[in-house]
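Now for the letters of each chain:
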Amino acid sequence: QVQLVESGGGLVQAGDSLRLACTVSGRPFSNYAWFRQAPGKEREFVAADNGSRRRESYSDSVKGRLHISRDKAKNTMYLQMNSMKFKDAAVYYCAATSGNPILSSLGVIGTYEYWGQGTQVTVSS
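Here is what the cut-offs are and how they apply
- Residues numbered from 1 in each chain as written.
- Predicted model: local features only at pLDDT ≥ 70, side-chain atom pairs only at ≥ 80, totals over all residues.
- Heavy atoms only, no water.
- Helix = DSSP H or I, 4+ residues; strand = E, 2+ residues; numbered from the N terminus.
- Contact = heavy atoms within 4.5 Å.
- Salt bridge = Lys/Arg side-chain N within 4 Å of Asp/Glu carboxyl O.
- Buried < 20%, exposed > 50% of the residue type's maximum accessible area, 1.4 Å probe, protein only.
- Core = buried A, V, L, I, M, F, W, Y, C linked by side-chain atoms within 4.5 Å.

A. A look at the environment of A47. Note on placement: A47 falls in strand β5 (residues 44-50). Each C-alpha atom, one on A47 and one on D60, is 9.7 Å from the other, the two residues being 13 residues apart in sequence. Not counting the four nearest positions on each side in its chain, A47 is found in contact with A33, W34, S57, Y58, I68 and L79.

B. Molecular detail of the pattern of salt bridges. Taken as a whole and judged by the stated rule, the model has five salt bridges. Taking the shortest distance from any N to any O, the salt bridge between E44 and R36 comes out at 2.7 Å. Take E44: its relative accessible area is 35%, and that puts it in the partly exposed class. The closest approach of N and O atoms between D49 and R70, which form a salt bridge, is 2.9 Å. With D49 in strand β5 and R70 in strand β7 (residues 66-71), this pair connects stretches of sequence that are 21 residues apart. Residue R70 is classed as partly exposed on the basis of its relative accessible area, which comes to 22%. Here the salt bridges do not stand alone but share partners, grouping R36, E44, R65 and D88 into one network.

C. How the structure looks around the nonpolar core. L20, W34, V46, L79, M81, Y92 and V121 are the most contacted members of the largest nonpolar core, which totals 26 residues. Among the secondary structure elements, those contributing two or more residues to this core are β3 (18-25), β4 (31-37), β5, β7, β8 (76-81), β9 (90-97) and β11 (119-124).

Here it is, written out as C-alpha coordinates:
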(Lines give C-alpha, C1' and ligand atoms only; values in the text may rest on other atoms or scores of the structure.)
Protein backbone atom coordinates (compact mmCIF):
# COMPACT_ATOMS: atom_id res chain seq x y z
CA GLN A 1 0.00 0.00 0.00
CA VAL A 2 1.40 3.36 -1.03
CA GLN A 3 1.54 6.08 1.60
CA LEU A 4 2.87 9.62 1.45
CA VAL A 5 3.43 11.33 4.77
CA GLU A 6 4.39 14.99 5.03
CA SER A 7 6.25 16.48 7.97
CA GLY A 8 8.12 19.62 8.92
CA GLY A 9 5.31 22.13 8.90
CA GLY A 10 4.93 24.70 11.64
CA LEU A 11 4.96 28.36 12.53
CA VAL A 12 7.70 30.54 11.10
CA GLN A 13 8.33 34.25 10.77
CA ALA A 14 8.40 36.05 7.47
CA GLY A 15 11.88 35.83 6.03
CA ASP A 16 12.68 32.55 7.77
CA SER A 17 13.38 29.18 6.18
CA LEU A 18 11.61 25.87 6.59
CA ARG A 19 12.09 22.43 5.11
CA LEU A 20 9.20 20.09 4.51
CA ALA A 21 9.64 16.37 4.01
CA CYS A 22 7.50 13.77 2.30
CA THR A 23 8.28 10.16 3.09
CA VAL A 24 6.96 7.55 0.72
CA SER A 25 6.30 3.94 1.61
CA GLY A 26 5.07 1.11 -0.53
CA ARG A 27 7.10 1.81 -3.66
CA PRO A 28 9.48 4.44 -5.06
CA PHE A 29 8.39 7.01 -7.62
CA SER A 30 10.30 8.98 -10.21
CA ASN A 31 7.89 11.90 -10.28
CA TYR A 32 6.81 13.94 -7.28
CA ALA A 33 5.30 17.32 -6.66
CA TRP A 34 4.31 19.72 -3.95
CA PHE A 35 1.02 21.60 -3.93
CA ARG A 36 -0.45 23.95 -1.37
CA GLN A 37 -3.86 25.18 -0.37
CA ALA A 38 -4.54 28.34 1.58
CA PRO A 39 -7.85 28.91 3.38
CA GLY A 40 -10.60 29.76 0.93
CA LYS A 41 -8.42 29.13 -2.09
CA GLU A 42 -7.97 26.31 -4.54
CA ARG A 43 -5.08 23.91 -4.30
CA GLU A 44 -2.19 25.23 -6.33
CA PHE A 45 1.00 23.83 -7.78
CA VAL A 46 4.28 24.70 -6.05
CA ALA A 47 7.07 22.53 -7.42
CA ALA A 48 7.72 19.24 -9.18
CA ASP A 49 10.61 16.83 -9.47
CA ASN A 50 10.09 15.20 -12.85
CA GLY A 51 12.72 12.56 -12.26
CA SER A 52 11.85 10.45 -15.28
CA ARG A 53 12.73 13.41 -17.51
CA ARG A 54 15.43 14.79 -15.21
CA ARG A 55 13.99 18.22 -14.65
CA GLU A 56 12.34 20.36 -12.02
CA SER A 57 9.49 22.79 -12.36
CA TYR A 58 8.38 25.64 -10.13
CA SER A 59 5.47 28.00 -10.03
CA ASP A 60 6.34 31.60 -10.72
CA SER A 61 5.35 32.64 -7.19
CA VAL A 62 8.05 30.48 -5.58
CA LYS A 63 10.77 30.36 -8.21
CA GLY A 64 14.12 31.27 -6.69
CA ARG A 65 12.93 30.86 -3.08
CA LEU A 66 11.78 27.26 -2.90
CA HIS A 67 13.73 24.21 -3.93
CA ILE A 68 12.63 20.62 -4.36
CA SER A 69 14.96 17.71 -3.78
CA ARG A 70 14.93 14.04 -2.90
CA ASP A 71 16.88 11.43 -1.00
CA LYS A 72 16.42 8.20 -2.91
CA ALA A 73 17.96 6.10 -0.15
CA LYS A 74 15.35 7.37 2.29
CA ASN A 75 12.54 7.47 -0.27
CA THR A 76 11.92 11.01 0.89
CA MET A 77 11.24 14.21 -1.01
CA TYR A 78 11.94 17.65 0.41
CA LEU A 79 10.75 21.20 -0.13
CA GLN A 80 13.21 23.79 1.10
CA MET A 81 11.47 27.11 1.58
CA ASN A 82 13.59 30.25 1.99
CA SER A 83 12.73 33.92 2.46
CA MET A 84 9.23 32.91 3.40
CA LYS A 85 6.36 35.27 2.80
CA PHE A 86 2.89 35.60 4.23
CA LYS A 87 1.47 34.21 0.99
CA ASP A 88 3.36 30.96 1.61
CA ALA A 89 1.04 30.13 4.51
CA ALA A 90 -1.01 27.09 3.53
CA VAL A 91 -1.41 23.37 3.93
CA TYR A 92 1.28 21.74 1.85
CA TYR A 93 0.65 18.43 0.12
CA CYS A 94 3.07 16.10 -1.57
CA ALA A 95 1.92 14.03 -4.51
CA ALA A 96 3.34 11.27 -6.67
CA THR A 97 2.58 9.65 -9.98
CA SER A 98 3.63 6.36 -11.50
CA GLY A 99 3.21 7.91 -14.93
CA ASN A 100 5.70 9.89 -17.02
CA PRO A 101 4.16 13.34 -17.14
CA ILE A 102 5.06 15.92 -19.73
CA LEU A 103 6.10 19.41 -18.69
CA SER A 104 2.69 20.98 -19.21
CA SER A 105 1.04 18.46 -16.91
CA LEU A 106 3.40 18.78 -13.94
CA GLY A 107 1.27 21.44 -12.32
CA VAL A 108 -2.03 19.67 -12.88
CA ILE A 109 -3.65 18.07 -9.84
CA GLY A 110 -5.08 15.22 -11.89
CA THR A 111 -1.60 14.12 -12.96
CA TYR A 112 -0.93 12.62 -9.54
CA GLU A 113 -2.58 9.46 -8.23
CA TYR A 114 -1.13 9.49 -4.74
CA TRP A 115 -1.39 12.23 -2.15
CA GLY A 116 -0.35 12.86 1.41
CA GLN A 117 -2.59 14.28 4.11
CA GLY A 118 -0.84 17.63 4.22
CA THR A 119 1.21 19.64 6.68
CA GLN A 120 0.30 23.13 7.89
CA VAL A 121 2.66 26.04 7.38
CA THR A 122 1.89 29.32 9.13
CA VAL A 123 3.84 32.52 8.54
CA SER A 124 3.78 35.30 11.12
CA SER A 125 5.22 38.81 11.17
